[in-house]
Amino acid sequence: MKLSDGSDVGISTETIASPGHTLGLCPEGMIWFKVIRVAISGDYHLREVRQYWVQAQLPRDVEEVKQYLALVRKKDGRVSWMFLYLSELTPEHLGWLTDDDWENVRAWLASARMQECLRNVLELCRKQHETNVKTPAPVLAVDELTDLPLGLTQS
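Residue indices begin from 1 for each chain and proceed along its sequence in written order. Totals for whole chains, interfaces and linings use every residue, but because this is a predicted model, local features are given only for residues with pLDDT of at least 70 and side-chain atom pairs only at 80 or more, for both listing and counting. Heavy atoms from the whole structure form the basis of all side-chain values; hydrogens and water molecules are not counted.

1. What to know about the layout of surface pockets
In step 1: A pocket here means an open set of points on a 1 Å grid, computed over the protein atoms alone, that has protein on both sides within 12 Å along at least five of seven lines. A cavity is instead a set of points where a 1.4 Å probe fits but cannot get out; residues with an atom within 4 Å of a point line either one. Grid points are joined across faces, edges and corners, and a volume is the space filled by probe spheres set on the points. The space that makes up the largest pocket amounts to roughly 190 Å³.
In step 2: Secondary structure elements follow DSSP: runs of H or I no shorter than four residues count as helices, runs of E no shorter than two count as strands, and numbering proceeds from the N terminus. When contributions to the lining of the largest pocket are tallied by element, the ones reaching two or more residues are strand E1 (8-12) and helix H3 (112-132).
In step 3: The nonpolar class holds Ala, Val, Leu, Ile, Met, Phe, Trp, Tyr, Cys and Pro. Asp, Glu, Lys and Arg form the charged class, and all remaining residues, Gly among them, are polar. Of the residues contributing to the lining of the largest pocket, the split by class is 6 nonpolar, 2 polar and 1 charged.

Shown next as structure tokens:
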């Protein structure tokens, strides 16, 4: 979605683990979700990006899925995290947007394309949940799979 300053705002599903991830199992009703935040650290007050996976409630509908979609901004050919989620796309968090920008935001959120995207993300969460609660098939030890010949000698 285009903003009045020439930048584009979009969403990223990178914050939702894909089905088949290697993060481990989750309890029933939970999914793996990546938190992305800025932390101020050190004597020089440097900003650092912190990313970590947590277990979060499986969203029940497209409104709830918005809290798991990270906002990204593209400006001058560079894409960067906005350190907000779609559910936080409000004037309180983005006071610098113009009235025209907010009109565009409302139209973008209501568009058929966005609604389809949100349904697809909800389905992604459900598929991840299905794989999260399944115990992986046991892996046999290598020596159980390999039939070594008897009488091996060292040379």
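Following the structure, the description resumes.
2. Remarks on the packing of helix H2 (residues 99-110) against H3
In step 1: Two elements in contact, H2 and H3, have axes separated by 5 Å at closest approach and are oriented at 55 degrees. As summarised for this structure, H2 and H3 are arranged oblique, according to the angle between their axes. Side by side, H2 and H3 meet where Trp108, Leu109 and Ala110 of the first sit next to Ala112, Met114 and Gln115 of the second.
In step 2: Of the residues belonging to the contact of H2 with H3, the class tally is 5 nonpolar, 1 polar and no charged. Working convention: axes come from line fits to C-alpha atoms, limited for helices to the stretch in contact. Angles between N-to-C directions cover 0 to 180 degrees. Orientation is classified from the angle alone, with under 35 degrees giving roughly parallel, over 145 giving roughly antiparallel, 65 to 115 giving roughly perpendicular, and any other angle giving oblique. Should any heavy atoms of two residues lie within 4.5 Å, those residues are counted as being in contact.

3. What about the environment of Pro91?
In step 1: Mapped onto the elements of the fold, Pro91 is located in the loop between strand E5 (78-85) and H2.
In step 2: Think of it in three bands: with a 1.4 Å probe and only protein chains considered, a residue is buried below 20% of the maximum accessible area for its type, exposed above 50%, and partly exposed in between. Of the residues examined, Pro91 reaches a relative accessible area of 49% and is grouped as partly exposed.
In step 3: Residues Pro91 and Trp102, spaced 11 residues apart in sequence, show a C-alpha to C-alpha distance of 8.3 Å.

4. Overview of the sheet that holds E1
In step 1: Strands qualify as paired when DSSP identifies two bridges or more between them. The strand order E1-E4-E5 describes an open sheet built from 3 strands, whose pairing is antiparallel. The sheet terminates laterally at E1 and E5, the two strands that pair on one side only. Taken over all neighbouring pairs, the strand axes of this sheet differ in orientation by 35 degrees on average, direction set aside.
In step 2: As defined by bridge partners, strand E4 (residues 70-75) adjoins E5 across 5 bridges and the pair is classed as antiparallel. In the sheet register, Val72 faces E5, and the bridge partner there is Trp81.

5. Regarding H3
In step 1: For H3, with 21 residues, the first-to-last C-alpha span of 30 Å sits near the 30 Å given by 1.5 Å per residue.
In step 2: When H3 is considered as a whole, its buried residues turn out to be Met114, Leu118, Val121, Leu122, Cys125, Gln128, His129 and Asn132. The arc enclosing the buried residues of H3, seen along the axis, measures out at 120 degrees, which places them on a common side. Every exposed residue of H3 that faces more than 90 degrees away from the buried side is listed here: Ala112 and Arg113. The span you would expect from a helix comes to 1.5 Å times its residue count less one. Taking the helix axis as origin, the arc is that swept by the directions to the C-beta atoms.

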